[in-house]
Amino acid sequence: MTDVSANSDVSTNKAALVTGASSGIGEATVRALRADGWTVYAVARRQERLAALEAETGAVALAADISEDADVARLLAEVTSAGGIDTLVNIAGGARGADRVGEAVTEDWDWMYRVNVLGTMKLTRAFLPMLRENGEGTVLNLTSTAGLAVYEGGGGYNAAKYAQHALTGALRLEEAEHNVRVIEILPGLVQTDEFALNRLGDAEAASKVYQGVEKPLTAEDVADVVRYAVSAPHHVNLDEIVIRPVAQASTYKLIRKQA
C-alpha cells in the first residue's frame, strides 16, 4: 500500500486513541501508527499486555473497559490532560457463540451488543467535543462484513455489527458540519489468535474456520488499511472500506483447498 505519510501532513503531532489494543487488529494498529510517528493511546482491559506493548512501541497504555461509564470518563480525563487526540479508532469488539436464533444465549447477545455497539457509542460520545474542537477530527470504526450480510448461526453477531454499521452511518451525517471525518472499515475473514477461539470456545472448532483457506487476511493487513485511511489528507474520506481475502469472494463464497 502507498505510504501516505510520505506525502501528507502526518507527523509526530498526530495523536490517536486505539481500542482493542491488547491483541489482534487493535494491537497491529497501534504498531502501525507508532511506526509512522503517531502518539498513540492504547486502550484495552488487559493491563499486562498493554504494558508489554507500551514497552515495545512507546504507546501510552491505558487499561479500561469501554462499556463502563466510569472507565470512559477516566480515559477522557487522562487523554485530555496529556494533550488530547485528533483521531479515535474504535476497534474493540468481538463475537460470542454461533447459535441459531432459536437457541440464542442471552448472555452472549448482551455481551456482543455492549462491546460492539454501546462501547463504540460511549467512547465516541465522550471524545466528540475534543474532535470537533480540533477542527480536523477523525473517527474510524472497525465493523465487519457481518454488518452487511446475515448468515445462519450469526444472528447475534450480525445484529451487533448491523447496529454498529448504522451508528457509523448516522455519525457521518451528523458530524460532517463539524468537519469530523467518519471512516468505516468492514473486514471479512481475518485470522487472528483470539477471534474465532473466543467465539467458539474450542481450539479445534476455531481452527476449522480457516481450514483450507490459503491466505486469509491478517491483523497486519487490516491495520495497514486503518493506517492508510486515517493518514490520508483530511478532506479525503474513505467512507466504507470492505476488505476480504481473494479467497473470500463474498460472505457465501469462500475457496477452501483440499489438504
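Here we summarise the structure given alongside this text.

What counts and what doesn't
- Residues numbered from 1 in each chain as written.
- Predicted model: local features only at pLDDT ≥ 70, side-chain atom pairs only at ≥ 80, totals over all residues.
- Heavy atoms only, no water.
- Helix = DSSP H or I, 4+ residues; strand = E, 2+ residues; numbered from the N terminus.
- Buried < 20%, exposed > 50% of the residue type's maximum accessible area, 1.4 Å probe, protein only.
- Contact = heavy atoms within 4.5 Å.
- Areas by Shrake-Rupley, 256 points an atom, 1.4 Å probe, with all protein chains shown as cover.
- Pairing = 2+ DSSP bridges.
- Axes fitted to C-alpha atoms, helices over the stretch in contact; angles between N-to-C directions.
- Core = buried A, V, L, I, M, F, W, Y, C linked by side-chain atoms within 4.5 Å.
- Salt bridge = Lys/Arg side-chain N within 4 Å of Asp/Glu carboxyl O.
- Polar contact = N/O pair within 3.5 Å; in protein donor to acceptor, adjacent residues only side chain to side chain.
- Patch = residues over 30% accessible without salt bridge, like charges linked within 9 Å, V, L, I, M, F, W, Y side chains within 5 Å.

Scanning the chain for helices and strands turns up eight helices and 11 strands. By residue count, 50% of the 259 residues in the chain fall in the buried class. Contacts in the chain between residues at least 24 apart in sequence constitute 69% of all its contacts with a sequence separation of at least 6. Carbon and sulfur atoms form 51% of the exposed surface of the chain, whose accessible area is close to 12,100 Å².

This next bit is on the sheet that holds strand β5 (residues 138-142). Across the sheet, which stays open at both edges, the seven strands sit in the order β3-β2-β1-β4-β5-β6-β9 with parallel pairing between neighbours. Each edge of the open sheet is held by one strand with a lone partner, namely β3 (60-63) and β9 (240-243). Ignoring which end each strand starts from, the neighbouring axes of this sheet average 15° apart. Alignment of strand β1 (residues 15-19) against strand β2 (residues 39-44), held across five bridges, turns out to be parallel. The residue of β2 that forms the bridge with A15 is T39.

Turning our attention to the nonpolar core. Counting 33 residues, the largest nonpolar core has V30, L140, I185 and V222 as its most contacted members. With seven residues, helix α8 (residues 219-231) is the single largest residue contributor to this core. When residues no more than four places from it in sequence are discounted, the contact partners of V222 are I25, L142, I185, P187, V190, L217 and I243. Listed in part, the 23 residues of the second largest apolar core include A15, I66, I85 and F127.

The phi dihedral of N179 is positive, around 60°, even though this residue is not glycine. Relative to the helices and strands, N179 resides in the loop between α5 (155-175) and β6 (181-187). On the basis of relative accessible area, N179 is assigned to the partly exposed category, the value being 38%.

Counting across every chain of the model gives 13 salt bridges. Between D36 and R227 there is a salt bridge whose closest N-O contact spans 3.2 Å. A residue pair is termed long-range when its members are at least 10 positions apart, and D36 in the loop between α1 (24-35) and β2 and R227 in helix α8 qualify at 191 residues. Given a relative accessible area of 7%, R227 falls into the buried group. Among the ionic contacts, a cluster of salt bridges with common partners joins E27, R31 and E56.

On to the side chain of N141, then. The residue N141 is located in strand β5 in this model. In terms of polar contacts, N141 uses its side chain to reach the side chain of T168, at 2.9 Å. Dropping the residues within four chain positions of it, N141 is found in contact with N90, T120, L167, T168, I183, E184 and I185.

For the rest of this paragraph, the subject is the pairing of β9. Of the two faces of β9, the one lined by I241 and I243 is fully buried and the one lined by E240 and V242 carries no buried residue. With four bridges connecting them, β6 and β9 associate as parallel partners. Its bridge partner lying in β9, I185 is registered against I241.

On the surface, V150, Y162 and Y252 cluster together into a nonpolar patch covering about 330 Å² of accessible area. Its location among the elements puts Y162 in helix α5.

Take the side chain of S67 next. Here S67 is to be found in the loop between β3 and α3 (69-81). We classify S67 as buried; its relative accessible area is 8%. At a separation of 2.7 Å, a polar atom in the side chain of S67 contacts the side chain of D65. Of note is the side chain of S67, whose polar atom sits 3.5 Å from the side chain of R114. Not counting chain neighbours up to four residues away, the residues in contact with S67 comprise R114, G119 and K122.

So yeah, pure geometry; function would need other evidence.
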